[in-house]
Amino acid sequence: MKTKSFLELSDVKAIAAAAEAEALKNKWAVTIAIVDDGGHLLWLQRLDGAPPISAHIAPGKANTAAVGRRDSKVYEDMINGGRVSFLSAPDLKGLLEGGLPIVKDGNVIGAVGVSGVKSGEDAQIARAGITAIGL
């Protein structure tokens, strides 16, 4: 039997604070979502000025990264490359760049999804959050 790491509330708060700091540093109004390894929402934070739709998109990106065990950008690239059948994949809601898995010891323990600015900038914010916990 394997032992598995998991996100604690202190980890989630550290990720959220670092992601928020990255967004504010760049004057980006976004929503930040953090999920566990099963894609279940642990944190949702909509910064002032973030579009309301971002509160739906960010959790979708995080969920996709967690359950897909890869960056959500992979799915966006597949679709843009012509594999439009992925649009019908069940339970994958955030098929856009901006969702990143949180990986520890080779296992996905959660994910961060960000929405509100350009997709590459969303990913930059998510990455800053994950880096805050040393991963």
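Residues numbered from 1 in each chain as written. Predicted model: local features only at pLDDT ≥ 70, side-chain atom pairs only at ≥ 80, totals over all residues. Heavy atoms only, no water.

The chain has the name Heme-binding protein in an unreviewed UniProt entry, where Caenimonas terrae is given as its organism.

A word on the overall build of the chain
From N to C terminus, the chain includes four helices and four strands. For 135 residues, the compact-globule estimate of 2.2 N^0.38 gives 14 Å, and the C-alpha radius of gyration of the chain, at 14 Å, lies within 12% of that figure. The dimensions of the chain, computed from C-alpha atoms along their principal axes, are 45 × 40 × 20 Å. Looking at the chain alone, contacts between residues at least 24 apart form 62% of all its contacts between residues at least 6 apart. Within the structure as shown, the chain displays about 7,000 Å² of accessible surface, and the carbon and sulfur contribution to it stands at 54%. Each charge class in the chain can be summarised by its mean position, and for the 15 positive and 15 negative side chains these summaries are 2 Å apart. (Helix = DSSP H or I, 4+ residues; strand = E, 2+ residues; numbered from the N terminus. Rg over C-alpha atoms; globule rule 2.2 N^0.38 Å. Contact = heavy atoms within 4.5 Å. Areas by Shrake-Rupley, 256 points an atom, 1.4 Å probe, with all protein chains shown as cover. Lys, Arg positive; Asp, Glu negative; His and termini not counted. Charge placed at Lys NZ, Arg CZ, Asp CG, Glu CD.)

A few points about the nonpolar core
V30, I34 and V112 are the most contacted members of the largest nonpolar core, which totals 19 residues. Broken down by secondary-structure element, the contributors of at least two residues to this core are α1 (9-25), β1 (31-36), β3 (99-104), β4 (107-115) and α4 (119-131). When residues of this core are assigned to their parent elements, the largest contribution, five residues, is made by α1. Excluding residues that lie within four positions of it along the chain, V30 makes contacts with A23, Q45, R46, L47, A50, V114, S115, G116, V117, D122 and I125. Membership of the second largest hydrophobic core comes to seven residues, among which are A33, V35, A58 and A66. (Core = buried A, V, L, I, M, F, W, Y, C linked by side-chain atoms within 4.5 Å. Buried < 20%, exposed > 50% of the residue type's maximum accessible area, 1.4 Å probe, protein only.)

Some details on the sheet that holds β4
Within the open sheet, the four strands sit side by side as β2-β1-β4-β3. Their pairing is antiparallel. Here the strands that pair on one side only, and so sit at the sheet edges, are β2 (41-46) and β3. With strand direction ignored, the average angle separating the axes of adjacent strands in the sheet is 15°. Pairing geometry for β1 and β4, over six bridges, is antiparallel. Note that in β4 the partner of A33 across the bridge is G113. (Pairing = 2+ DSSP bridges. Axes fitted to C-alpha atoms, helices over the stretch in contact; angles between N-to-C directions.)

Some thoughts on the pairing of β1
Within β1, five of the six residues are buried, which leaves it mostly tucked inside the rest of the structure. Here β1 runs beside β2; their pairing, made up of five bridges, is antiparallel. Residue pairing for β2: T31 is matched across the bridge by R46. Hairpin connection of β1 to β2: four residues between the antiparallel strands, including G39 at a positive phi of 85°.

Topic: the pattern of salt bridges
Inspection of the entire model under this criterion finds four salt bridges. Across the pair D77 and K73 runs a salt bridge, and its minimum N-O distance is 2.9 Å. Of the two residues, D77 and K73 are both situated in helix α3 (residues 73-80); the distance of four residues between them amounts to about one turn of the helix. Looking at D77, the relative accessible area reads 41%, which means it is partly exposed. (Salt bridge = Lys/Arg side-chain N within 4 Å of Asp/Glu carboxyl O.)

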